[in-house]
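Now for the letters of each chain:
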Amino acid sequence: MTLTFHWFLPTYGDSRRIVGGGHGTPAGAAGGDRPATIGYLTQIARAAEDLGFVGALTPTGAWCEDAWLTTAMLAQTTERLKFLVAFRPGSVSPTLGAQMAATFQRHSGGRLLLNVVTGGESHEQRAYGDFLDKDARYARTAEFLHIVRGLWAGEAVDLAGEHLRVEGARLSRLPDPVPEVYFGGSSPAAGTVAARYSDVYLTWGEPPAAVAEKIGWIRALADKEGRRVRFGIRLHVIPRDTAGQAWAEAERLLAGFAPETIAAVQAGLARSESEGQRRMLALHGGSTADLEISPNLWAGIGLVRGGAGTALVGSHTEVADRIAEYHALGIDEFVLSGHPHLEEAYWFGEGVLPLLQARGLWTHPLDETPGARDTATAETPFAGRN
């Protein structure tokens, strides 16, 4: 199987420094030197598309722009890139969510992927009118996906669940193709939902041994459900022509972290209810020392950013080696990012992807369809292009 790579759309702003985001970040605290305009996000999206990334993750939360609306606009300025839209099941009814996905598929040419985010922070959920606790949120997510999966299959759905209730729910038009569901989580409740409903289980970038353990855990749960689940990993990347250049860039980023900023961010993240966030914090313990927690795996980003907090740092060859190592464990999809996201897409796309292609691990999506690259190089008119 050829590896699949996705990039990231920073809908909270971008910078040559680390921009905060994710668990525990208050509304308005994220942001950067480059506002998240449709124009700038289009630059990133089209760069990712041309370089061979299949999709781009768009986050969800009070600290960023709405993922559904933003990606619907970006679908008009791109041609092939898929959008891995993060959304929280508690914010819309399951029938409406299934309908939104079907509409997105029709109008984008089937370019929607869904990243289901249960929500790890009760204080943020309450701001959206959701007062369930964490375990109840996972139970609701399971009911939500049960309904949505049935609707996408063309079924009439009746469910009187503990948290959701629908009667005679049905879609008049089905999505084609059915969007794949990406799901992550490190708690027992998350594992159950992932095994039963996800197509791709996503983990944040932990050392290989920890990732192998997670893969084994989810595979065993999925086997009990009679299902097969693919696996993906969420990482930042800092690849350069030489290892020295890459680590110099990591040190430059680290030098921009004021001690008081680290302390404030870590205090906020320590209150997180997310088991995945707890595991991220344990990788560095809030200290700037010994941040290379595994060969070429740097935990520095997690000092000032919630959520995914590790980066692959090294020469193009070293980063390719680490990707191959994760792939050997069972990881087939990589959701990557870097600061700033426009430039780092090129560092990775021009430096690492050709090495993986030479090893037979990756193929540019256009090369998988005869004649597609010739068609793509021609000027193709579409809405939004000047």
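Just above sits the structure.
**Student:** Sorry if this is basic, but what is going on with helix α8 (residues 243-255) here?
**Tutor:** The terminal C-alpha atoms of α8, which comprises 13 residues, lie 18 Å apart, in line with the 18 Å expected from a rise of 1.5 Å per residue. Taken as a whole, α8 has its buried residues at A246, E249, A250, L253 and L254. All buried residues of α8 lie within an arc of 140° about the axis, which places them on one face of the element. The exposed set on the far side of α8, more than 90 degrees from its buried face, consists of G244 and A255. Buried residues along α8 sit against β9 (230-240), β11 (297-298) and β12 (311-315).

**Student:** Hey, could you run me through the nonpolar core in this one?
**Tutor:** Nonpolar side chains in soluble globular proteins generally cluster together in the buried interior. Core analysis: the largest hydrophobic core is formed by 75 residues, its most contacted members being F5, I323, Y326, F334, F348 and L356. Once residues lying within four places of it in the same chain are set aside, the contact partners of I323 are L3, F5, L312, F334, F348, V352 and L356. If you look at the next biggest cluster of nonpolar residues, it comprises 18 residues, including L254, I262, L291 and L303.

**Student:** Help me out: how do you make sense of the packing of aromatic side chains in this one?
**Tutor:** Scanning the entire structure with this criterion turns up 12 aromatic pairs. A centroid spacing of 5.9 Å and a plane angle of 70° characterise the contact between W68 and F87, whose relative ring orientation is edge-to-face. On the criterion of sequence distance, the pair formed by W68 in helix α2 (residues 67-74) and F87 in strand β3 (residues 82-87) is long-range, its members being 19 residues apart. Accessibility expressed as a relative area gives 14% for W68, which makes it buried. Aromatic side chains Y201 and F231 sit 6.3 Å apart centroid to centroid with 70° between the ring planes, which places their arrangement in the edge-to-face category. Of this pair, Y201 sits in strand β8 (residues 200-204) while F231 is found in strand β9, placing the two residues 30 residues apart along the sequence. Among the residues examined, Y201 registers a relative accessible area of 1% and is labelled buried. Relative accessible area serves as the criterion here: at 2%, F231 is assigned to the buried category. Taken together, the ring pairs in this structure connect F5, W7, F53, F334 and F348 into an aromatic cluster. Between the NZ or CZ atom of R305 and the centre of the ring of F8, over which it lies, the distance is 5.9 Å.

**Student:** I tried to follow the pairing of β9 on my own but got confused; where do I start?
**Tutor:** On a regular strand, one side chain projects to one face of the sheet and the next to the other, so that they alternate. With 10 of 11 residues buried, β9 lies mostly within the body of the structure. Relative to β9, β8 is paired through five bridges, and the arrangement is parallel. Residue V200 lies in a different strand from β9, and its bridge partner there is R230. For β9 and strand β13 (residues 333-337), the ladder comprises five bridges, and the chain directions are parallel. Bridge pairing in β13 places R234 opposite V335. Examined bridge by bridge, β9 and β12 share five bridges and lie parallel to one another.

**Student:** I'm lost on the side chain of Q105 in this one. Help?
**Tutor:** With respect to the helices, strands and loops of the structure, Q105 is situated in helix α3 (residues 94-108). Judged by its relative accessible area of 2%, Q105 falls in the buried class. In this structure the side chain of Q105 is engaged in a polar contact, spanning 3.1 Å, whose partner is the backbone nitrogen of R111. Side-chain polar atoms of Q105 contact the backbone nitrogen of L112, separated by 2.7 Å. The residues contacting Q105, other than those within four sequence positions of it, are G110, R111, L112, P175, D176, P177, V178 and P179.

**Student:** What am I meant to see in the pattern of salt bridges here?
**Tutor:** Close approach of charged atoms lets side chains of opposite charge pair. Tallied over the full model, the rule gives 22 salt bridges. With a closest N to O distance of 3.1 Å, R16 and E343 form a salt bridge. Highlighted residues: R16 in the loop between β1 (4-8) and α1 (38-51) and E343 in helix α12 (residues 341-351), separated in sequence by 327 residues. When its relative accessible area of 48% is taken as the criterion, R16 is described as partly exposed. The partner of E206 in a salt bridge is K214, and the shortest N-O contact between them spans 3.2 Å. There is no split in this pair, since E206 and K214 are both buried.

Conventions we followed
- Residues numbered from 1 in each chain as written.
- Predicted model: local features only at pLDDT ≥ 70, side-chain atom pairs only at ≥ 80, totals over all residues.
- Heavy atoms only, no water.
- Helix = DSSP H or I, 4+ residues; strand = E, 2+ residues; numbered from the N terminus.
- Expected span 1.5 Å × (residues − 1).
- Buried < 20%, exposed > 50% of the residue type's maximum accessible area, 1.4 Å probe, protein only.
- Arc of directions from axis to C-beta.
- Contact = heavy atoms within 4.5 Å.
- Core = buried A, V, L, I, M, F, W, Y, C linked by side-chain atoms within 4.5 Å.
- Phe/Tyr/Trp six-rings, centres within 6.5 Å; stacked < 30°, edge-to-face > 60°.
- Lys NZ or Arg CZ within 6 Å of the ring centre and 35° of its normal.
- Pairing = 2+ DSSP bridges.
- Polar contact = N/O pair within 3.5 Å; in protein donor to acceptor, adjacent residues only side chain to side chain.
- Salt bridge = Lys/Arg side-chain N within 4 Å of Asp/Glu carboxyl O.

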